[in-house]
Amino acid sequence: MRPVLAVWLALSLLAGTGAQEVCGGPPAAPAHSIPAPQLSPEERLSPHMPESLRCDACHAIAFQIEEQLRRAEGKVGRKALSESDYVDVLERSCSQGWESYGVQELDGEKRLAGPGLPRQEPMSVMVLGGPWPGRLSKMCHGYVGERGEAQIYGAHRRGPATLRELLCHGEKGACAGGKAGGPAPPKAMQNEL
């Protein structure tokens, strides 16, 4: 019996399986599962930014416009840009890729995430690409067309808060009247008007 035990021990040591069977394997690392946000059909398929994400989108657009204009002014020594220069910068701002923006779910609420936006959650899944870059570009061009390049540049010259106020928090802004990134209040029924 001893020779069989010695052969088994020698083979187990050579194969490397005896120690794990006797002592047990290394402890398993705890698994973390973070699901991707579940997008509604509107969030997946509509060409327009969903109402619940428009305030976040507006802040992202204001941030990008501010950054692009600040960089352009830095190249000319912090002086005011000529009209043709700021029109060109605004066009480039709206036509950029917007690929660094996406949607993540924070505390059960879907939020746009990316540069210039608060509440980035390090342990979450962010859905990038897809419809978000096109929607941001479309909204940006809409703001420039609606407000005009001169008004946007004038707001920028007065400071980032002024630009955000003009684009996002004014009377028609995406963040006006309780639309601060959350879901919009229910609309009145036709017969309630």
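Owing to the predicted nature of the structure, the values given are computational and were not obtained by experimental measurement.

### Description of the packing of helix H4 (residues 54–75) against helix H5 (residues 83–95)
Now for step 1: H5 packs onto H4 with a crossing angle of 140 degrees between their chain directions and a minimal axis gap of 9 Å. With respect to H5, the element H4 is oriented oblique. Handedness of the H4/H5 crossing: right-handed. Note on element contacts: H5 touches H4 through Tyr86, Val89, Leu90 and Ser93, opposite Gln64, Ile65, Gln68, Leu69 and Ala72.
Now for step 2: The residue inventory of the contact of H4 with H5, partitioned by class, reads 6 nonpolar, 3 polar and no charged.

### Looking at unusual backbone geometry
Excluding glycine, most residues fall at negative phi; most peptide bonds, likewise, are trans.
Now for step 1: In this structure, Trp98 is a non-glycine residue whose phi angle is positive, near 60 degrees.
Now for step 2: As for its position among the elements, Trp98 is in the loop between H5 and strand E1 (102–106).
Now for step 3: Exposure remark for Trp98: the relative accessible area of 2% places this residue in the buried category.

### Side note on the layout of surface pockets
Now for step 1: By volume, the largest pocket is sized at about 200 Å³.
Now for step 2: The dominant element in the lining of the largest pocket, judged by the number of residues it contributes, is helix H6 (residues 132–147), at 7 residues.

### Remarks on the sheet that holds strand E3 (residues 126–128)
Now for step 1: Judged by pairing direction, the sheet is antiparallel, and its 3 strands sit side by side in the order E2-E1-E3 without closing on themselves. The open sheet has two edge strands with one neighbour each: strand E2 (109–113) and E3. Ignoring which end each strand starts from, the neighbouring axes of this sheet average 25 degrees apart.
Now for step 2: One ladder, built from 3 bridges, connects E1 with E3; its direction is antiparallel. Counted as the bridge partner of Gly102 is Leu128 from E3.

### Things to note about the packing of aromatic side chains
Now for step 1: Throughout the structure, instances matching the rule amount to 2 aromatic pairs.
Now for step 2: With a centroid separation of 4.5 Å and an interplanar angle of 10 degrees, the aromatic rings of Tyr86 and Tyr153 are classed as stacked. With Tyr86 in helix H5 and Tyr153 in helix H7 (residues 149–158), the pair connects residues that are 67 residues apart, well separated along the chain. In this structure, Tyr86 and Tyr153 share a single accessibility class: buried.
Now for step 3: A cation over an aromatic ring shows up here: Arg135 above the ring of Trp132, its NZ or CZ 4.6 Å from the ring centre.

### Let's talk about the nonpolar core
Now for step 1: Counting residues in hydrophobic clusters, the biggest one holds 37 residues, and the most contacted among them are Ile61, Ile65, Leu69, Leu136, Ile152 and Leu167.
Now for step 2: Where this core is concerned, the elements lending two or more residues are H4, H5, H6, H7 and helix H8 (160–169).
Now for step 3: Among the elements that line this core, the one with the most residues is H4, at 9 residues.
Now for step 4: Setting aside residues no more than four positions away along its own chain, Ile65 makes contact with Leu90, Ser93, Cys140, Ile152, Leu163 and Leu167.

### What about the pairing of E2?
Now for step 1: Relative to E2, E1 is paired through 5 bridges, and the arrangement is antiparallel. Counted as the bridge partner of Gln104 is Arg111 from E2.
Now for step 2: Between E1 and E2, which pair antiparallel in sequence order, lie 2 residues; one of them, Asp107, sits at a positive phi of approximately 55 degrees.

### Concerning the state of the cysteines
Now for step 1: Throughout the structure, instances matching the rule amount to 3 disulfides.
Now for step 2: Put simply, Cys55 and Cys175 are joined by a disulfide, and their sulfur atoms are 1.9 Å apart. The disulfide joining Cys55 to Cys175 has a torsion of about 105 degrees about its S-S bond and is therefore right-handed. Taken together, the residues Cys55 in helix H4 and Cys175 in the segment after H8 connect sequence positions 120 residues apart. We note that Cys55, like Cys175, is buried.
Now for step 3: Note on cysteine connectivity: Cys58 is disulfide-linked to Cys168, with sulfurs 2.0 Å apart. Residues Cys58 and Cys168 share a disulfide whose torsion about the S-S bond is about -100 degrees; that sign makes it left-handed. Taken together, the positions of Cys58 in helix H4 and Cys168 in helix H8 put the pair 110 residues apart, joining distant regions of the chain.
Now for step 4: Under the relative-accessibility criterion, Cys58 is labelled buried at 0%.
Now for step 5: Within the chain, bonded cysteines paired by disulfides and numbered along the sequence follow the pattern 1-6, 2-5, 3-4.

Analysis parameters
- Numbers given for residues are sequential positions, taken from 1 along each chain in its written order.
- Reporting of local features is limited, given that this is a predicted model, to residues whose pLDDT is at least 70; pairs of side-chain atoms are given and counted only at 80 or more, and all residues count toward the totals for whole chains, interfaces and linings.
- Excluding hydrogens and water, the side-chain values take into account all heavy atoms of the structure.
- Inter-axis angles, ranging from 0 to 180 degrees, are taken between N-to-C directions of lines fitted to C-alpha atoms, where helices are fitted over the stretch in contact.
- Put simply, DSSP H or I for four residues or longer makes a helix, DSSP E for two residues or longer makes a strand, and each gets a number counted from the N terminus.
- Any angle that is under 35 degrees is reported as roughly parallel, and any over 145 degrees as roughly antiparallel; angles of 65 to 115 degrees are reported as roughly perpendicular and all others as oblique.
- Take the far helix as your reference; a near helix turned counterclockwise from it by less than a right angle gives a left-handed crossing, and one turned clockwise gives a right-handed crossing.
- Residues count as neighbours in contact if any of their non-hydrogen atoms are within 4.5 Å of one another.
- Under this grouping Gly is polar, as are all residues other than the nonpolar Ala, Val, Leu, Ile, Met, Phe, Trp, Tyr, Cys and Pro and the charged Asp, Glu, Lys and Arg.
- Each residue is assigned to one of three classes by its accessible area relative to the maximum for its type, calculated with a 1.4 Å probe on protein chains only: buried under 20%, partly exposed between the two thresholds, exposed over 50%.
- The pocket and cavity definitions rest on a 1 Å grid over protein atoms only: a 1.4 Å probe that fits but cannot leave marks a cavity, an open set with protein on both sides within 12 Å along at least five of seven lines marks a pocket, and residues lining either have an atom within 4 Å of a point.
- Grid points are joined across faces, edges and corners, and a volume is the space filled by probe spheres set on the points.
- Only strands joined by at least two bridges in the DSSP assignment are considered to pair.
- In this analysis, rings of Phe, Tyr and Trp, with Trp reduced to its six-membered ring, are considered paired at centre separations within 6.5 Å, and the interplanar angle assigns stacked below 30 degrees, edge-to-face beyond 60, and tilted for intermediate values.
- For a lysine, the NZ atom is tested; for an arginine, the CZ atom; a charge sits over a ring if that atom is within 6 Å of the ring centre and within 35 degrees of the ring normal.
- Only buried residues count toward a nonpolar core, which is a set of Ala, Val, Leu, Ile, Met, Phe, Trp, Tyr and Cys residues joined through side-chain atoms within 4.5 Å.
- Counting rule for disulfides: a pair of cysteine sulfur atoms within 2.5 Å.

Geometry only, nothing functional implied.
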